[in-house]
Amino acid sequence: MASSSRMLAAAALAALFIGAMCAAPVEFTVEKGSDEKNLALSIKYNKEGDSMAEVELKEHGSNEWLALKKNGNGVWEIKSEKPLKGPFNFRFVSEKGMRNVFDDVVPADFKVGTTYKPEE
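Computed from a predicted structure; not experimentally measured. The residue numbers shown here count from 1 along each chain, following its written sequence. Under the rules for a predicted model, residues below a pLDDT of 70 receive no local features and side-chain atom pairs below 80 are neither given nor counted, while totals for whole chains, interfaces and linings still include all residues. Just so you know, side-chain values use all the structure's heavy atoms and leave hydrogens and water out.

Caption draft 1: Quick peek at the overall build of the protein chain. The helix count covers DSSP runs of H or I at least four residues long, the strand count covers runs of E at least two residues long, and both are numbered beginning at the N terminus. When helices and strands are counted, the protein chain shows one helix and nine strands. Put simply, the protein chain runs from its N terminus to its C terminus through helices and strands in the order α-β-β-β-β-β-β-β-β-β. Within the span of the protein chain, comprising 120 residues, buried residues form 30% of the whole. Contacts between residues were defined by any pair of non-hydrogen atoms, one from each residue, lying within 4.5 Å. Sequence separation of 24 or more characterises 54% of the internal contacts of the protein chain that already satisfy a separation of 6 or more. Each accessible area value is a Shrake-Rupley result obtained with a 1.4 Å probe; residue values ignore everything except the protein chains displayed when judging cover. A total accessible area of about 8100 Å² is found for the protein chain, and carbon and sulfur atoms account for 52% of it. The buried label applies to any residue whose accessible area, calculated with a 1.4 Å probe on protein chains only, is under 20% of its type's maximum; exposed applies above 50%, and partly exposed to all values in between.

Caption draft 2: Expanded view of the sheet that holds strand E4 (residues 65-67). Read across the open sheet, the four strands follow the order E4-E3-E7-E8; overall the sheet is antiparallel. Because the sheet does not close on itself, it has two edges, and the strands there are E4 and strand E8 (99-106). With direction set aside, neighbouring strand axes in the sheet form an average angle of 30°. Sheet analysis places strand E3 (residues 52-58) next to E4, joined by three bridges and oriented antiparallel. Residue pairing across strands places Glu-56 opposite Ala-67, the latter belonging to E4. Strands are treated as partners if at least two bridges between them are detected by DSSP. Each axis is a line fitted through C-alpha atoms, taken for helices only over the stretch in contact, and angles between the N-to-C directions span 0 to 180 degrees.

Caption draft 3: Up close: the pairing of strand E6 (residues 76-79). Of the two faces of E6, only one is covered, namely that formed by Trp-76 and Ile-78; the face formed by Glu-77 and Lys-79 stays uncovered. Pairing analysis gives four bridges linking strand E2 (residues 38-45) to E6, with the strands arranged antiparallel. Residue pairing across strands places Ala-40 opposite Glu-77, the latter belonging to E6. Of the strand pairs in this sheet, strand E5 (residues 69-70) and E6 are connected by two bridges, and their pairing is antiparallel. Looking at E6, one finds that Lys-70 is bridged to Trp-76. Connecting E5 to the next strand, E6, in antiparallel fashion are five residues, including Gly-74 with a positive phi near 80°.

So, in structure tokens, the structure goes:
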């Protein structure tokens, strides 16, 4: 019985590893209009035939995920009444169901025009 449990655990780890290796590269570029209460991002998701369907942000020290909205220019935005606290974590779901979470991608002291990439 212990042998089959180990095999199941190994298979699950292998699937997670392969899924991570197949994940498409993602880049987050901070756009004009971003400040302490607003964050506007161009998100480059390099997966042919797929695109972002949902993007959420989690502020530093928070457990709550906040939805970003995609504007007519393809920029993902969040507007807050209070200052946003970075560094920011992001999670997304693509049109084809790919899910991923990226921790501490955009720093608290982000710069407009700068592109940030998750650590691999």
